[in-house]
Amino acid sequence: MSLTPAPALEKGLKILEIIAREEQVSFNQLQSMTGYNVSSLNRYLHTLRYLDYIQKNLNNKYIIGLKFFSLAEKSNRWHFLKEVAKKYLVDLSNRYGISLLLIGYSNDQFIVLTKQAHKDNITMMSVDTCRYYEESITWALPYIVHLEEEEQKRIEETYVNKNNNILEHMNQLKSHFLENGYVLDNGFVNKNILRIGVPLYAGESKPIAVLGAGTFKQHLEDNVDDVIEAMKDTSTKISELVF
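Quick look at the structure, then. (Residues numbered from 1 in each chain as written. Predicted model: local features only at pLDDT ≥ 70, side-chain atom pairs only at ≥ 80, totals over all residues. Heavy atoms only, no water.)

**Considerations on the overall build of the protein chain**
Thinking step 1. Across its full length, the protein chain holds 10 helices and 8 strands.
Thinking step 2. Whereas a compact globule of 243 residues would reach a radius of gyration of roughly 18 Å, the protein chain reaches 19 Å, a difference of no more than 12%.
Thinking step 3. Along the first, second and third principal axes, the C-alpha atoms of the protein chain reach 65 × 35 × 30 Å.
Thinking step 4. Put simply, the protein chain has 243 residues, and 49% of those count as buried.
Thinking step 5. Long-range pairs, those at least 24 residues apart, make up 53% of the contacts in the protein chain between residues at least 6 apart in sequence. (Helix = DSSP H or I, 4+ residues; strand = E, 2+ residues; numbered from the N terminus. Rg over C-alpha atoms; globule rule 2.2 N^0.38 Å. Buried < 20%, exposed > 50% of the residue type's maximum accessible area, 1.4 Å probe, protein only. Contact = heavy atoms within 4.5 Å.)

Written as C-alpha cells, this is what we have:
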C-alpha cells in the first residue's frame, strides 16, 4: 500500500520513470514492472497519452512524449529526432534553396524543435518557439484535424477572428490536407509566401510532428511537386529511423 498522500500521482510518475529509463516499453512489460492491474494501467496510460507525456511508436511500444520533452528535455528519443532530422533539413534546404522547420505537437500547442534557414530565403520561426494551435493554422492543421469536432471548430474560428482571414479559404486548406495528406499554403497567410507541411507519424493516426518548408512563391516556380515528394520521402525516412 502506498504511503504517499497522492497514490494515483505516484503510480503515474512510476510509469513515466520506467518509460524514460527503458526508452521504449510494451504494455505487458509495464504491467510486469509495475504490478498494476490491466484496468488501472490502461487508465493511467490513457491519461498520460492524452496529456502528451507519452506516445506510442511504430512498434506499438510506449515512449516519452513531447510534453515531457518540452518541460525537461530529458528524452534521448526526442534529442535523437532532432539530430536525425537536422541533416535532412540541411540537405533539402541546400537542394531546393528553401527554409525548413521540424515542429513537434503537444496537447494544445506546438514547438519548433530544429530548423534550417536558407540564406537567400525566408527565416521562419526560431528554435524553441511555442505557439498555440489557433495562432498558426498552417502548421497546426495536421494535428487539429484529429481533435474532437467542437475543439476543431473553436481553434479555427479563433484563428480566423484573430487574423482577419476568410473561413472559406481555411476550409480549402483543410480539405486539401484531408485529400492529399500534406498542407499546401499557397499564399493563404501571406500572398507572397508558399508553405508546405508534411506530417511525421510514430504509429498512431495523430501525427507527432510536421516537417515544414517555407519559401518566396516565385523561388520554386514549377518545382513545387518535386519539393513535396522529397519532403514526403524525408518524413518517412525520419519516422523509420527514430520511431
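**Side note on the environment of alanine 85**
Thinking step 1. Among the structural elements, alanine 85 can be located in helix 5 (residues 76-96).
Thinking step 2. The sequence separation of alanine 85 and threonine 34 amounts to 51 residues, and the corresponding C-alpha distance is 34 Å.
Thinking step 3. If we ignore the near neighbours within four places in the chain, the residues touching alanine 85 are Leu102 and Ile238.

**Things to note about the pairing of strand 7 (residues 193-200)**
Regular strands have side chains that alternate between both faces of the sheet.
Thinking step 1. Among the 8 residues in strand 7, 8 count as buried, and that is most of the element.
Thinking step 2. Pairing geometry for strand 6 (residues 183-186) and strand 7, over 4 bridges, is antiparallel. Within the sheet, the bridge partner assigned to asparagine 186 lies in strand 7 and is leucine 194.
Thinking step 3. Hairpin remark: strand 6 followed by strand 7, antiparallel, with 6 residues in the connecting loop; positive phi at glycine 187, about 95 degrees.
Thinking step 4. Alignment of strand 7 against strand 8 (residues 209-216), held across 8 bridges, turns out to be antiparallel. If you follow leucine 194 over to strand 8, its bridge partner there is threonine 215. (Pairing = 2+ DSSP bridges.)

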